[in-house]
Number of protein chains: 4
Amino acid sequence: MEKIKGLIDAPFTPMLANGDVNPEPIPAYAAMLAKNGLKGVFINGSSGEGYMLTTDERMMLAEKWIEAAPQGFKVIVHVGSCCLRESARLAAHAAEIGAWGIGAMAPPFPKIGRIEELVKYCEAIASAAPQLPYYYYHIPAFNGAFLPMIELLKAVDGRIPNFAGIKYTFESLYEYNQCRLYDDGKFDMLHGQDETILPSLAQGGAQGGIGGTTNYNGRELVGIIEAWERGDLETAREKQNFSQAVINVICNYRGNIVGGKRIMKLIGLDLGPNRVPFRNMTDEEERAMKAELDAIGFFERCNRF
Amino acid sequence: MEKIKGLIDAPFTPMLANGDVNPEPIPAYAAMLAKNGLKGVFINGSSGEGYMLTTDERMMLAEKWIEAAPQGFKVIVHVGSCCLRESARLAAHAAEIGAWGIGAMAPPFPKIGRIEELVKYCEAIASAAPQLPYYYYHIPAFNGAFLPMIELLKAVDGRIPNFAGIKYTFESLYEYNQCRLYDDGKFDMLHGQDETILPSLAQGGAQGGIGGTTNYNGRELVGIIEAWERGDLETAREKQNFSQAVINVICNYRGNIVGGKRIMKLIGLDLGPNRVPFRNMTDEEERAMKAELDAIGFFERCNRF
Amino acid sequence: MEKIKGLIDAPFTPMLANGDVNPEPIPAYAAMLAKNGLKGVFINGSSGEGYMLTTDERMMLAEKWIEAAPQGFKVIVHVGSCCLRESARLAAHAAEIGAWGIGAMAPPFPKIGRIEELVKYCEAIASAAPQLPYYYYHIPAFNGAFLPMIELLKAVDGRIPNFAGIKYTFESLYEYNQCRLYDDGKFDMLHGQDETILPSLAQGGAQGGIGGTTNYNGRELVGIIEAWERGDLETAREKQNFSQAVINVICNYRGNIVGGKRIMKLIGLDLGPNRVPFRNMTDEEERAMKAELDAIGFFERCNRF
Amino acid sequence: MEKIKGLIDAPFTPMLANGDVNPEPIPAYAAMLAKNGLKGVFINGSSGEGYMLTTDERMMLAEKWIEAAPQGFKVIVHVGSCCLRESARLAAHAAEIGAWGIGAMAPPFPKIGRIEELVKYCEAIASAAPQLPYYYYHIPAFNGAFLPMIELLKAVDGRIPNFAGIKYTFESLYEYNQCRLYDDGKFDMLHGQDETILPSLAQGGAQGGIGGTTNYNGRELVGIIEAWERGDLETAREKQNFSQAVINVICNYRGNIVGGKRIMKLIGLDLGPNRVPFRNMTDEEERAMKAELDAIGFFERCNRF
């Protein structure tokens, strides 16, 4: 199976002030991401508030992103939900409309406690779009599925033919590396934390990743990989440190889903509010965040249109 | 607002072997529950695998239960989901078709961390069915919303007009009692753990409850309340101890959702399998469970048709 | 083995302003507790900051309490620590100086994850004082030992001859009752949460308990049991509700160890500060707490000298 | 303040079959560690079962290690405990006998919940040995002190003069790097996870570390740093992968404290059993572990005497 190289972006879902999904900015959004070096999008995931969207909204968004995607720009559709039948429907739909791949995190309810449960969950979804690569999205802080990923790989190997790999959003670079080494790199391990791209590269392999802060800081994050590949360690470190400084700021504003979505407005693409139960940023918070970003020189280095 | 007296049952969702929802047993199911002393049903909740059902399935089930409900038998529809717009749609539908009330647990994703988030979540749902009583379903072990319920009551008081009370499925009888005492008993606190009905009664008040083991052990659980009310403490204790013995058995078989649903088959109402990711019981497990239930004399005391 | 009836108090450790242990108030303390209906003390436990005391301090305190104990007033010495050899030494010392019994909670480090580990820990301590009853002190919120207590009882039964029972400080009245019923009440289950004495009595048995708020609210807590035994449910409820109101207050001041210890000063027995890392109450906090206690009429009902 | 370069070892505590501490192997142990490239030891920590030792045993061990230490070989004494007065005594003793430095993890009981509590705890210990560098040992998985380390650095900066830095045993390389960058590298951040030495080096800085698997795999771990420093990335990666393979094995045998201590016997230095509540390895487990180590070629690459 093809492995992803470079960084895939996890976009936010554009919304109107009343909370309705607003597909209008998607073409400009896709073009901007491609221009800044991103290789594709992983839509309707956690950054995209996928769990807070209706099935119809999720399908509509998938269609709009695929329409808007430039040549060679991958659209991976997150189809995870608590209801497997909805997820299977979303997976089949993604295949029909020409998505490059699909992904799903473990359901937060009921909480997955065993590998066998997780395998069955993945299997039901993957088999609904057998022609597409399926990525398991490992983000246990969000759904409590703190399971050993090596065991998942062993369990799906030979059982789920289109299991492509894991979007790994967890701190253990040790486990990440072990998964990467599994069966000579059989599976595609997508690094999922923008704050540690450089350390992950040091461990080895031509790696792909999926990021959330790539939405506004993609040039610098792509730059880490480029610098590393040409052997320029100092630049790679400087860019990684800068990227952590950006993350330090969003951590003061309820993280990427809330703070990061608001940064998009500050760089010129207003994507509207977050859905309940997220607490939207106030105008005062926005001003304070802008000042923090100014202080680290963010607006000189951020993504451009 | 009317307070619920007696026990409401949280029914399982009948399914065919292929996992499709099967409404056919619902009339017999409703009649059986009423015959055994239950006062209504709380459908599409955790026992009903509500989060694992599609919106259409949830609506269809609500319609079937309301059609099947005997005179005076309350149908409360659980409408909680990760997507507030789906929940609001379910709430409005419940009102349209004549449900007695609605309820919703906190979403497991994104995890609710603040009372203010929870209030907004409840508000959005309750306001979609303003003519119906709305119950918050507190079950933090399932969704991680370990928040102080007294603070929720204070926050909704005067803000959500149709907030009726809490289905309280947590171990703290102290917190439960404090909520019960709030503003002279303003809110309807429904006890939500069948294993501690008697201790809860001792704390005071004419209490209602919602149970999961009432599906098969309702006669005995109703009997606890009746014995307590006529001052027969010994009988109440004996029945509470018996009910705990039944719960001991289901704890050996993955709890009420899995083990309890299978008990329904053993007492004469086959409700089919659980949905993935639940692990269904094997036939061997079923035999072992039946033997454990036999050993405590369950089949002489269980619900009857 | 003898079972404890009535309430045992978990005293605070008196300290000087510089943090030194101060044995001087102990005789007055013991006399006050006995006068207010307490049947003994469980010293050097969590209320007594036992883990924060040196072994020498713990031994000295045990000696002082035994000297001060009125006739028939039980002194149970908590000897738990992370170092089993210290615990065994404390256990042997307790036996030498005439303690009535000993107890130990699970060590918080290393975290106990298996019943077998817990049994070995209990065994090593109990066997160091084989002539004394040994109580396991179950308080998993403090040490992470969330293990099923029925399994502990099964494992120690026939293996640790002087295992007397469990001081059960956890919310599950279901599990508490199951342990109480084990082998016709073979073990002494001491109820360990003052906020739920009445619900626990309703479940049955002539129960003993160990309390922390008994230090200042013992008359009312003893009164719950007395009212229940004479069939006066209304008084029992009123006193339990009052006792919860007292607990509501201390929860605003970092709980019993911090807030409760300061209440002792307010009722006439200054026991000094808490040890680091506890945050001692400020004078302003003390005034605010006093006002809250006044508002519920606490000082008319509290323990007397 | 001097910063540590290279790797410090966290030794196991040698014990006799009856569980008594056995100082006899210490000179050979120290010489072996120095020979294999280690720069010192961090004694009586988690690998050394420090919390399970009496104060007298801890002092005796400190004396023996200092006596046995080759020229320039640093002895850092872990003095953390639940009882600050014991810890202060251990700190003062370490200073008296010529330790190079001291360290302490947060107490597991009472659980530290606030930075201010942690600062007070560190302050009380550090001030008992003001002439020695004090390291905070961050290992939240063991004691629940999941606090932001940047906040700790800010809080101690200018307040605890001999606060040297942090032994950082947690997965977040992002937080580790942020602490490393704090005030131009003011504090000494010791990397504390042997499985991610290479990724940590990639982030920058001439870093020191403290390891547990260095006891038997120190040559390879030291080799990672050496290879990195001479620009030999392939060797660094191969050695890091090998070191992860070793860790994979010990994870099958209850981790480094249990499995790792037994490896010492296999490489020629029998250090005896673990203390209760650790479950010691059976002979069968030892054979199985040996086979797993053989399979990865461990005995050709392990530490030598």
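Residues numbered from 1 in each chain as written. Chains lettered and ligands numbered in written order. Predicted model: local features only at pLDDT ≥ 70, side-chain atom pairs only at ≥ 80, totals over all residues. Heavy atoms only, no water.

1. Concerning the overall build of chain A
Consideration 1: A count of helical and extended segments in chain A gives 13 helices and eight strands.
Consideration 2: On C-alpha atoms alone, chain A measures out to a radius of gyration of 18 Å, which is about the 19 Å that the 2.2 N^0.38 rule sets for 305 residues.
Consideration 3: Taken along its principal axes, the extent of the C-alpha atoms in chain A is 50 × 45 × 35 Å.
Consideration 4: A total of 305 residues make up chain A; the buried ones form 66% of that total.
Consideration 5: Pairs at least 24 apart in sequence give 75% of the contacts found in chain A among residues at least 6 apart.
Consideration 6: Carbon and sulfur atoms form 51% of the exposed surface of chain A, whose accessible area is close to 10,300 Å². (Helix = DSSP H or I, 4+ residues; strand = E, 2+ residues; numbered from the N terminus. Rg over C-alpha atoms; globule rule 2.2 N^0.38 Å. Buried < 20%, exposed > 50% of the residue type's maximum accessible area, 1.4 Å probe, protein only. Contact = heavy atoms within 4.5 Å. Areas by Shrake-Rupley, 256 points an atom, 1.4 Å probe, with all protein chains shown as cover.)

2. Details of the relation of the copies chain D and chain A
Consideration 1: At an RMSD of 0.0 Å, chain D and chain A line up after a rotation of 180° and a shift of 0.0 Å along the axis. As the rotation angle and translation indicate, the two copies are arranged about a two-fold axis. By C-alpha distance to the rotation axis, the residue of chain D lying nearest is D:P199, at 2.0 Å.
Consideration 2: Here 100% of the interface residues in chain D have copies in chain A that are interface residues too; the copies meet face to matching face. (Least-squares fit on C-alpha atoms with pLDDT ≥ 70 in both.)

3. Thoughts on the packing of aromatic side chains
Aromatic rings in a pair are described by how distant their centres are and how their planes are angled relative to each other.
Consideration 1: All told, the structure shown has 52 aromatic pairs over all chains when counted by the stated rule.
Consideration 2: Pairing B:Y168 with B:Y176 gives two aromatic rings, centres 5.6 Å apart and planes at 50°, and the pair type is tilted. By the burial criterion, B:Y168 is buried, and B:Y176 matches it.
Consideration 3: Grouping aromatic residues by their ring pairs yields a cluster made of A:Y134, A:F163, A:Y182 and A:F187.
Consideration 4: Above the plane of the ring of B:F242 lies B:R301, whose end atom (NZ or CZ) is 3.9 Å from the centre.
Consideration 5: Over the ring of C:F299 we find C:K290; its NZ or CZ atom is 5.5 Å from the centre of that ring. (Phe/Tyr/Trp six-rings, centres within 6.5 Å; stacked < 30°, edge-to-face > 60°. Lys NZ or Arg CZ within 6 Å of the ring centre and 35° of its normal.)

4. Re the pairing of strand β5 (residues 134–138) of chain D
Residue and element names in this part refer to chain D.
Consideration 1: Extensive coverage of β5 is indicated by the burial of five of its five residues.
Consideration 2: Residue alternation in β5 divides its side chains into two sets, Y134, Y136 and H138 and Y135 and Y137, and both sets are buried.
Consideration 3: Summarising the sheet, strand β4 (residues 101–105) and β5 pair through four bridges and their orientation is parallel. The partner of A104 across the bridge, within β5, is Y136. (Pairing = 2+ DSSP bridges.)

5. Some remarks on the interface of chain A and chain B
Consideration 1: The partner chain B presents 31 residues to the 31 residues of chain A that form the contact.
Consideration 2: Around 2,800 Å² of area is buried between chain A and chain B when both sides are counted, 66% of it from carbon and sulfur atoms.
Consideration 3: Where chain A touches chain B, the interface holds four salt bridges.
Consideration 4: B:R85 is paired through a salt bridge with A:D20; the nearest N and O atoms lie 2.5 Å apart.
Consideration 5: If you look at where chain A meets chain B, you find eight residue pairs in polar contact (both at pLDDT 80 or more).
Consideration 6: Elements supplying a minimum of two residues to the side of chain A that touches chain B: α2 (55–68), α3 (84–96) and α4 (115–126) of chain A.
Consideration 7: For the side of chain A that touches chain B, the residue count by class is 17 nonpolar, five polar and nine charged. (Buried area = accessible area lost by both parts, 1.4 Å probe. Salt bridge = Lys/Arg side-chain N within 4 Å of Asp/Glu carboxyl O. Polar contact = N/O pair within 3.5 Å; in protein donor to acceptor, adjacent residues only side chain to side chain. Nonpolar A, V, L, I, M, F, W, Y, C, P; charged D, E, K, R; others polar.)

6. Some details on the side chain of A:N22
Consideration 1: Here A:N22 is to be found in the loop between β1 (6–9) and α1 (26–35).
Consideration 2: On the basis of relative accessible area, A:N22 is assigned to the buried category, the value being 15%.

7. Overview of the arrangement of the chains
Consideration 1: No part of chain A reaches chain C; the closest C-alpha pair between them is 17 Å apart.
Consideration 2: With no contact formed, the shortest span from any C-alpha in chain B to any C-alpha in chain D equals 17 Å.

8. Focus: the packing of helix α11 (residues 255–266) of chain B against helix α12 (residues 283–295) of chain B
All names here are of chain B.
Consideration 1: The interhelical angle for the contact between α11 and α12, taken along N-to-C directions, is 75°, at an axis separation of 11 Å. In terms of their interaxial angle, α11 and α12 are classed as roughly perpendicular. Each of G259, R262, I263, K265 and L266 in α11 lies in contact with α12, whose residues at this interface are D283, E286, M289, K290 and L293.
Consideration 2: A class-by-class count of the residues in the contact of α11 with α12 yields four nonpolar, one polar and five charged. (Axes fitted to C-alpha atoms, helices over the stretch in contact; angles between N-to-C directions. Parallel < 35°, antiparallel > 145°, perpendicular 65-115°, else oblique.)

9. Describing the state of the cysteines
Residues and elements named next belong to chain B.
Consideration 1: Evaluation of the coordinates by the stated rule reveals zero disulfides over all chains.
Consideration 2: Unpaired in terms of disulfides, C83 finds its nearest cysteine sulfur in C82, a separation of 8.6 Å.
Consideration 3: Classification of C83 as buried rests on a relative accessible area of 4%. (Disulfide = S-S within 2.5 Å.)

10. Some thoughts on the packing of helix α6 (residues 149–156) of chain A against helix α7 (residues 173–181) of chain A
Packed helices, taken two at a time, are described by their axes: the angle between them and the distance between them.
All names here are of chain A.
Consideration 1: Relative orientation of the contacting elements α6 and α7 amounts to 20°, with a least axis distance of 9 Å. The pairing of α6 with α7 is recorded here as roughly parallel in orientation. Here the hand of the crossing between α6 and α7 comes out right-handed. Touching M149, I150 and L153 of α6 are E175, Q178 and C179, all from α7.
Consideration 2: Residue composition of the contact of α6 with α7, by class: four nonpolar, one polar and one charged. (Left-handed = near helix turned anticlockwise from the far one by under 90°.)

11. Section: the pattern of salt bridges
Consideration 1: The full count for this structure, using the stated rule, is 76 salt bridges over all chains.
Consideration 2: For A:K261, the salt bridge is made with A:E49, and the minimal N-O distance between the two is 2.9 Å. Highlighted residues: A:K261 in helix α11 (residues 255–266) and A:E49 in the loop between β2 (40–43) and α2, separated in sequence by 212 residues. Assigned by exposure class, A:K261 and A:E49 land together as buried.
Consideration 3: A salt bridge links B:R159 to B:E123; the shortest N-O distance between them is 3.0 Å. Of this pair, B:R159 sits in the loop between α6 (149–156) and β6 (163–168) while B:E123 sits in helix α4 (residues 115–126), and the two are 36 residues apart along the sequence.

12. A short note on the sheet that holds strand β5 (residues 134–138) of chain C
Residues and elements named next belong to chain C.
Consideration 1: As summarised here, the arrangement of the eight strands in space is β1-β2-β3-β4-β5-β6-β7-β8, forming a closed barrel in which the pairing is parallel. For this sheet the average axis-to-axis angle between neighbouring strands, irrespective of direction, equals 30°.
Consideration 2: Across four bridges, the pairing between strand β1 (residues 6–9) and strand β8 (residues 208–211) is parallel. Looking at β8, one finds that L7 is bridged to G209.
Consideration 3: Lying over the sheet, helix α7 (residues 173–181) contacts β5, β6 (163–168), β7 (188–191) and β8, oriented at roughly 155° with respect to β7.

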